[in-house]
Amino acid sequence: MAIKSNPDFGSAWKENARLHLTYADHMFKNIEDLKTAEKHYLLSIKAFKQANKIESSIIRSVNVASIEYYYSNLKIAQNKPYEAISILEQSIFNRLEVLPDRKLYFVHFMFVLDNLISLTNTKVLHDKTIETELQQAHYIFNKGCGFKDLSADQQLTCLLYTSPSPRDATLS
């Protein structure tokens, strides 16, 4: 007899993750209790990973990455930039492994790129090399645009073409 998992159980892990995230954000931003915030960011990451084990999803993987981004900001606030760098490096690597080669996920690629910019800024501020980050940025543009081996000029064209224009928002 096969064992079936209760789909509501995965939802419980997601809700658990969201509660920990909300509490961590509150402790970090409003109370400035960094130790408690760290504990709850880690519990939120763990809960989203557990939910992903039950029912794998790209969105859940992106959720984990979002929390890891906040957690890296906490590490910077704790004056632990090298830990922040390590967290962002691993998070970016994990997301690039998960995201498929489709324009549908362009927003997620842009989020990865934002994290990569944050990682690069942190590394530059602490005299670390950024060669890997430049290679990852090239990879993100190529994968996000759905093309292979675009030049820097072609990447910029892709970014400009796929970015919404302020004029587009006023047309109806």
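Thresholds, definitions, all that
- Residues numbered from 1 in each chain as written.
- Predicted model: local features only at pLDDT ≥ 70, side-chain atom pairs only at ≥ 80, totals over all residues.
- Heavy atoms only, no water.
- Helix = DSSP H or I, 4+ residues; strand = E, 2+ residues; numbered from the N terminus.
- Expected span 1.5 Å × (residues − 1).
- Buried < 20%, exposed > 50% of the residue type's maximum accessible area, 1.4 Å probe, protein only.
- pLDDT = per-residue confidence, 0-100.
- Contact = heavy atoms within 4.5 Å.
- Salt bridge = Lys/Arg side-chain N within 4 Å of Asp/Glu carboxyl O.
- Phe/Tyr/Trp six-rings, centres within 6.5 Å; stacked < 30°, edge-to-face > 60°.
- Lys NZ or Arg CZ within 6 Å of the ring centre and 35° of its normal.
- Arc of directions from axis to C-beta.
- Core = buried A, V, L, I, M, F, W, Y, C linked by side-chain atoms within 4.5 Å.

### Concerning helix H2 (residues 34-54)
Part 1 of the argument: Over its 21 residues, H2 runs 30 Å from end to end, which matches the ideal 30 Å to within 8%, given 1.5 Å per residue.
Part 2 of the argument: Of all the residues in H2, the buried ones are Ala37, Glu38, His40, Tyr41, Ser44, Ile45, Ala47, Phe48, Ala51 and Asn52.

### Considering the confidence of the model for the chain
Part 1 of the argument: Counting all residues, the mean pLDDT for the chain is 76, and 72% of those residues have values of 70 or more.
Part 2 of the argument: Taking the mean pLDDT of every element in the chain, the minimum, 44, falls on helix H8 (residues 166-170) and the maximum, 90, on H2.
Part 3 of the argument: Considering only residues more than four positions removed or in separate chains, one finds that residues 1-5, a stretch of pLDDT under 50, has one contact.
Part 4 of the argument: Here residues 160-172 scores under 50 on pLDDT; set against residues more than four positions off or in separate chains, the count is one contact.

### Some remarks on the pattern of salt bridges
Part 1 of the argument: Taken as a whole and assessed by the stated rule, the structure comprises three salt bridges.
Part 2 of the argument: Across the pair glutamate 38 and lysine 75 runs a salt bridge, and its minimum N-O distance is 2.7 Å. Pair noted here: glutamate 38 is in helix H2 and lysine 75 is in helix H3 (residues 58-77), with a separation of 37 residues, a long-range link. Accessibility classification places glutamate 38 together with lysine 75 in one group, the buried group.
Part 3 of the argument: Residues lysine 123 and glutamate 89 are paired through a salt bridge, measuring 2.6 Å at the closest nitrogen-oxygen approach. Of this pair, lysine 123 sits in helix H5 (residues 106-125) while glutamate 89 is found in helix H4 (residues 81-98), placing the two residues 34 residues apart along the sequence.

### Let's talk about the packing of aromatic side chains
Part 1 of the argument: For the coordinates displayed, the defined rule picks out two aromatic pairs.
Part 2 of the argument: Consider the rings of phenylalanine 28 and tyrosine 41, whose centres lie 6.4 Å apart with planes at 80°: the pair is edge-to-face. Placement of the pair is phenylalanine 28 in helix H1 (residues 7-31) and tyrosine 41 in helix H2, with a sequence separation of 13 residues.
Part 3 of the argument: The class of phenylalanine 28 is buried, set by a relative accessible area of 17%.
Part 4 of the argument: A cation sits over an aromatic face here: lysine 29 above tyrosine 70, 5.6 Å from the ring centre.

### Side note on H4
Part 1 of the argument: Across its 18 residues, H4 extends 26 Å between first and last C-alpha, which sits within 8% of the 26 Å expected from 1.5 Å per residue.
Part 2 of the argument: Listed as buried for H4 are Pro81, Ala84, Ile85, Ile87, Leu88, Ser91, Ile92, Arg95 and Leu96. When H4 is viewed along its axis, its buried side chains cluster within an angular range of 165° and face the same direction.

### Side note on the side chain of histidine 20
Part 1 of the argument: Along the chain, histidine 20 falls in helix H1.
Part 2 of the argument: Since its relative accessible area comes to 17%, histidine 20 is described here as buried.
Part 3 of the argument: Once you skip the residues sitting within four places of it in the chain, histidine 20 turns out to touch His40, Leu43 and Ser44.

### Looking at the nonpolar core
Part 1 of the argument: Formed by 15 residues in total, the largest nonpolar core has its most connected members in Ala37, Tyr41, Ile67, Tyr71 and Leu74.
Part 2 of the argument: Mapped by element, the contributors of at least two residues to this core are H1, H2 and H3.
Part 3 of the argument: Setting aside chain neighbours within four positions, we find alanine 37 in contact with Ala24, Met27, Phe28 and Leu74.
Part 4 of the argument: In terms of nonpolar packing, the next biggest core, distinct from the first, is built from ten residues, Ile85, Leu96, Met110 and Ala137 among them.

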